[in-house]
Amino acid sequence: MRRPLVVGNWKMHGSSAENRERVAAIAAGASECHGVDIAICPPAVYLQAVGAQLAGSGVALGAQNLCEQTRAGAFTGELLGAMLADVGCRYVIVGHSERRTLYGEDDSRVAEKFAAAAQFGLQPVLCIGETLAERDAGTTEAVLARQLDAVLRRTGVAAFGDAVIAYEPVWSIGTGRNAAPEQVQSAHAFIRGRLARLDATIANQIALLYGGSVKPNNAAALFDCADVDGGLIGGASLHAGDFLAIARAAATAS
Ligand code: PGA
């Protein structure tokens with residue numbers, strides 16, 4: 001049985017005061033979400049403060065991005081994986097579609113970032129997913145395969161033993177239009193099957209999250225899919241009550 005995981009991606013939202021309130025509510029409510037792992041990914045500038053406030057709560061800390069470099073150096077504005085580990089991050093999101101489309105991260109850079117995360121003992125949360133045009137063209141599986149294979153070629157399948165994959169159809173992110181459970185299950189089964197060709201144990205154990213307009217009212221139906229092990233939550237993670245309701249749905253999913 002895979003343990004469900006719910007990750008909050010705050011994106012570029014929050015302030016010290018807002019975070020304090022939200023983290024206090026999440027930390028207090030997390031104890032009622034038995035059997036589910038919970039993580040939150042605040043903007044990097046708040047990682048230490050949020051991490052300090054989470055201490056002892058059981059809620060893990062994650063970063064939203066990292067530099068692909070594996071040594072300190074002259075990379076103004078970048079964050080080395082070792083630094084994220086140093087301030088208490090357990091997870092790091094890699095290859096989010098906003099990074100891919102707005103900041104030009106291509107498959108090979110995403111693969112380098114995944115490798116760097118693994119090198120520093122961070123668990124990468126690798127995001128993959130198709131655009132609406134790609135879905136309409138019937139190329140969803142080809143896109144998922146391309147994005148996944150780029151990382152597999154770089155790191156080998158063993159690195160996925162300590163990783164998480166988030167299937168995030170680009171058209172469902174922040175749009176209020178979640179993918180239908182059948183679409184999600186089909187994509188997740190494809191991803192798990194592709195990994196299974198290389199390593200059946202890792203494929204069976206890896207947490208596959210769904211992300212894209214997950215809300216308290218659709219979480220249960222999505223998490224009930226056989227190959228869905230939790231969610232990567234954007235907008236709804238900014239409301240502690242909604243985020244906790246989603247975590248409880250993951251805890252009780254069949
Ligand atoms: P959303 O974002 O829940 O606001 O759609 C998900 C994500 O981008 O990870």
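Summarised in this report is the structure supplied together with it. (Residues numbered from 1 in each chain as written. Predicted model: local features only at pLDDT ≥ 70, side-chain atom pairs only at ≥ 80, totals over all residues. Heavy atoms only, no water.)

Time to look at the sheet that holds strand S5 (residues 123-128). A barrel is described by the order of its strands in space; here 8 strands give the closed sequence S1-S2-S3-S4-S5-S6-S7-S8, paired in parallel fashion. Along the sheet, successive strands turn relative to each other by an average axial angle of 25°, direction set aside. As judged from the 4 bridges shared by strand S6 (residues 164-167) and strand S7 (residues 207-211), these two strands associate in the parallel manner. Bridged to Val 164 within S7 is Ala 207. (Pairing = 2+ DSSP bridges. Helix = DSSP H or I, 4+ residues; strand = E, 2+ residues; numbered from the N terminus. Axes fitted to C-alpha atoms, helices over the stretch in contact; angles between N-to-C directions.)

This brings us to the packing of aromatic side chains. Under the defined criterion, the tally for this structure stands at 2 aromatic pairs. Centroid distance Tyr 167 to Tyr 210: 6.3 Å. Interplanar angle 50°. Geometry classified as tilted. Here Tyr 210 lies in strand S7 and Tyr 167 lies in strand S6, a separation of 43 residues in the sequence. Tyr 210 matches Tyr 167 in its accessibility class, with the two residues each being buried. (Phe/Tyr/Trp six-rings, centres within 6.5 Å; stacked < 30°, edge-to-face > 60°. Buried < 20%, exposed > 50% of the residue type's maximum accessible area, 1.4 Å probe, protein only.)

Right, let's get into the site of the ligand. The local shell around the ligand holds 13 residues, among which Lys 11, His 96, Glu 168, Gly 174 and Ser 213 are the closest. Residue Glu 168 places a side-chain N or O atom 2.7 Å away from an oxygen atom belonging to the ligand. Taken together, the residues of the shell around the ligand sort by class into 3 nonpolar, 8 polar and 2 charged. (Near = heavy atom within 4 Å. Polar contact = N/O pair within 3.5 Å; in protein donor to acceptor, adjacent residues only side chain to side chain. Nonpolar A, V, L, I, M, F, W, Y, C, P; charged D, E, K, R; others polar.)

Purely geometric numbers; function is a separate question.
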